[in-house]
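# Report on the structure
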Amino acid sequence: MDLGIAGKRALVCASSKGLGRGCAEMLAANGVNLVMNARGAEALEQAAAEIRAAHGVEVTTVAADITTDAGRAAVLEAAGALDILVTNAGGPPPGLWSDWEREDFIKALDANMLTPIALMKAVLPGMMERGWGRVVNITSQSVKSPIPVLGLSNSARAGLTGYVAGTSRQVAGSGVVINNLLPGIHATDRAISLDTGAAEAQGISLEEAKTRREATIPAGRYGTAEEFGAACAFLCSQYAGFIVGQNLLLDGGAVNSTL
Ligand code: NAP
C-alpha cells in the first residue's frame, strides 16, 4: 500500500531510539524526509546514518532537549516548513502518589503535555495555510487505564489528550489531522527501566519481571518499535485524513475494555 507521503517533511522528536526511532524508520521507508531529535548526539547521528543508508531520504539531526524552550527553538528552526509532526519525549519516573511535589508535576507537565502543545502551536499555522498536515502524539496506555506507579505520566498525558480532543476539531477543516498513539508495553529501553523498577520492588530477576508482565498481555509479548512505527506512518498517510482526534491503543489487548 502506497501511503502517498513520499517527499513530505517530518519532524520526529525523541527519535534516536525506541518508539520515536520506529516512527522515523517507517516514515523514511515511505519516502518521507526527516528531522530527527534526541539529547545524545552520538546515538542520534548513528540512527540518522542508518536511516539515510537504508531508505535514501534526507535526514537533518538536532541534538537538543525537546522539553526546553531553547531545545524546541533549535529543532523548529532546523525543521522549517513541516508536513508531519510526531511529538515524543522521555516518560516521567515511577513513584508513589504521596512523594510527588509541585516541581515533579511541573517537570512532567513540561515534558509530556506542554512540550507537544508548544510544538503543535508552532507548526499548525503553516500546515493549515498549506492545507495539509499530520500530527501524531506518542502518549501512553495510561491515558485509558491508569498505571498507579506512573501518576506523573497519567496526569500529564491526560492533559495533553484533552487538548488534542478540542484542538484537532478546530484544525481538521484545514486538512490537518491530529491523533494520539497510546503505547502499551513495547520492547525498548523504557521497558527495561520499568521492568528493572518492578524487579527491585518485588525482589525478583529482570527476566522474571518481564515474564510476569507478558503474562498480563493477551498477545503474550511486548510490542515492537517496528509495529508502532507502522501505525504512526499510517496515521501520517494520505488515507488518514478522516481520522480526527482519536486515541489508538497499541497494547496487545492489555487494557481490558470493549471500547
Ligand atoms: P526509549 O527507548 O527510552 O527512547 C527514548 C528516546 O527519546 C531516545 O531517543 C532518547 O534519546 C529520547 N529522549 C528522551 N528524552 C528526551 C528529551 N527530553 N529531548 C529529546 N529527546 C529525548 O523510550 P520509548 O520506549 O521509546 O518511549 C517513548 C515514550 O513513550 C516515552 O514518553 C514513554 O514514557 C512512552 N511509553 C513507552 C512505553 C514502552 O513500553 N516503551 C509504554 C508507554 C509509554 P536521549 O536520551 O539521547 O535524549
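Everything that follows concerns the structure shown earlier in this document.
Described in the following lines is the structure provided in the data block. Quantities reported herein were computed from a predicted structural model and do not represent experimental measurements. (Residues numbered from 1 in each chain as written. Predicted model: local features only at pLDDT ≥ 70, side-chain atom pairs only at ≥ 80, totals over all residues. Heavy atoms only, no water.)

Moving on to the overall build of the protein chain. The number of helices and strands found in the protein chain is 8 helices and 7 strands. Expected size for 259 residues packed as a compact globule is a radius of gyration near 18 Å; at 18 Å, the protein chain falls within 12% of this value. The principal-axis extent of the C-alpha atoms belonging to the protein chain is close to 55 × 40 × 40 Å. Sorting the 259 residues of the protein chain into buried and exposed places 46% on the buried side. For the protein chain, restricting intrachain contacts to residue pairs at least 6 apart in sequence, the fraction spanning at least 24 positions comes to 72%. (Helix = DSSP H or I, 4+ residues; strand = E, 2+ residues; numbered from the N terminus. Rg over C-alpha atoms; globule rule 2.2 N^0.38 Å. Buried < 20%, exposed > 50% of the residue type's maximum accessible area, 1.4 Å probe, protein only. Contact = heavy atoms within 4.5 Å.)

In this fold, Asn88 is placed in the loop between strand E4 (84-87) and helix H4 (102-130). Classification of Asn88 by relative accessible area gives buried; the value is 16%. A distance of 3.0 Å separates a polar side-chain atom of Asn88 from the backbone oxygen of Ala14. Sequence-distant contacts of Asn88, that is, excluding residues within four places in its chain, are made with Cys13, Ala14, Gly20, Ile66 and Ile138. (Polar contact = N/O pair within 3.5 Å; in protein donor to acceptor, adjacent residues only side chain to side chain.)

In this section: the packing of H4 against helix H5 (residues 151-171). In a packed pair of helices, the relevant descriptors are the angle between the two axes and the axis-to-axis distance. Across the interface, H4 lies against H5 with an axial gap of 8 Å and an inter-helix angle of 15 degrees. When the interaxial angle is binned, H4 and H5 end up roughly parallel. Crossing of H4 against H5: the hand is right-handed. Within the contact between the two elements, H4 uses Asp104, Phe105, Ala108, Leu109, Asn112, Met113, Pro116, Ile117, Met120, Leu124 and Met128 and H5 uses Leu152, Ser155, Ala156, Arg157, Gly159, Leu160, Tyr163, Val164, Thr167, Gln170 and Val171. Its residues placed into classes, the contact of H4 with H5 shows 15 nonpolar, 5 polar and 2 charged. (Axes fitted to C-alpha atoms, helices over the stretch in contact; angles between N-to-C directions. Parallel < 35°, antiparallel > 145°, perpendicular 65-115°, else oblique. Left-handed = near helix turned anticlockwise from the far one by under 90°. Nonpolar A, V, L, I, M, F, W, Y, C, P; charged D, E, K, R; others polar.)

A few words now on a nonpolar patch on the surface. Judged by side-chain polarity, Met1, Phe234 and Tyr239 come together as a nonpolar surface patch covering roughly 370 Å² of accessible area. Looking at the element boundaries, Met1 is found in the segment before strand E1 (9-12). Exposure remark for Met1: the relative accessible area of 74% places this residue in the exposed category. (Patch = residues over 30% accessible without salt bridge, like charges linked within 9 Å, V, L, I, M, F, W, Y side chains within 5 Å. Areas by Shrake-Rupley, 256 points an atom, 1.4 Å probe, with all protein chains shown as cover. Salt bridge = Lys/Arg side-chain N within 4 Å of Asp/Glu carboxyl O.)

Turning next to the site of the ligand. Among the 28 residues in the neighbourhood of the ligand, the closest are listed as Ser16, Leu19, Ala89, His186 and Thr188. A distance of 2.8 Å separates an oxygen atom of the ligand from a polar atom in the backbone of Gly40. Taking Ala89, its main chain carries an N or O atom lying 2.6 Å from an oxygen atom of the ligand. Within the complex, 89% of the 890 Å² of free accessible area of the ligand lies under protein. Split into classes, the residues belonging to the shell around the ligand amount to 9 nonpolar, 13 polar and 6 charged. (Near = heavy atom within 4 Å.)

Most of strand E6 (residues 176-183) is tucked away, with 8 of its 8 residues classed as buried. In E6, alternate side chains face the same way, and those of Val176, Ile178, Asn180 and Leu182 on one face and Val177, Asn179, Leu181 and Pro183 on the other are all buried. Where strand E5 (residues 133-138) lies against E6, 6 bridges are found, and the strand directions are parallel. Each bridged residue has a counterpart across the sheet, and for Asn137 the counterpart in E6 is Asn180. Handedness of the β-α-β unit built from E5, H5 and E6 comes out right-handed. In this sheet, strand E7 (residues 247-250) lies alongside E6 in parallel orientation, the contact comprising 4 bridges. Paired with Leu181 across the two strands is Leu248, which belongs to E7. (Pairing = 2+ DSSP bridges. Right-handed = clockwise from strand over helix to strand, strands pointing away.)

Okay, the sheet that holds E6 next. If you walk across this open sheet you meet the 7 strands as E3-E2-E1-E4-E5-E6-E7, and the pairing is parallel. The open sheet terminates on both sides in strands that have one partner only, identified here as strand E3 (59-63) and E7. Within this sheet the neighbouring strands show an average axis-to-axis angle of 15 degrees, counted without direction. Alignment of E4 against E5, held across 4 bridges, turns out to be parallel. Each bridged residue has a counterpart across the sheet, and for Val86 the counterpart in E5 is Val136. Its contacts with the sheet place helix H2 (residues 41-55) against strand E2 (33-38) and E3, and it is angled at close to 175 degrees to E3. Contacting E1, E2 and E3, helix H3 (residues 69-79) runs over the sheet at an angle of about 165 degrees to E3.

Any link to function would need more than the numbers given here.
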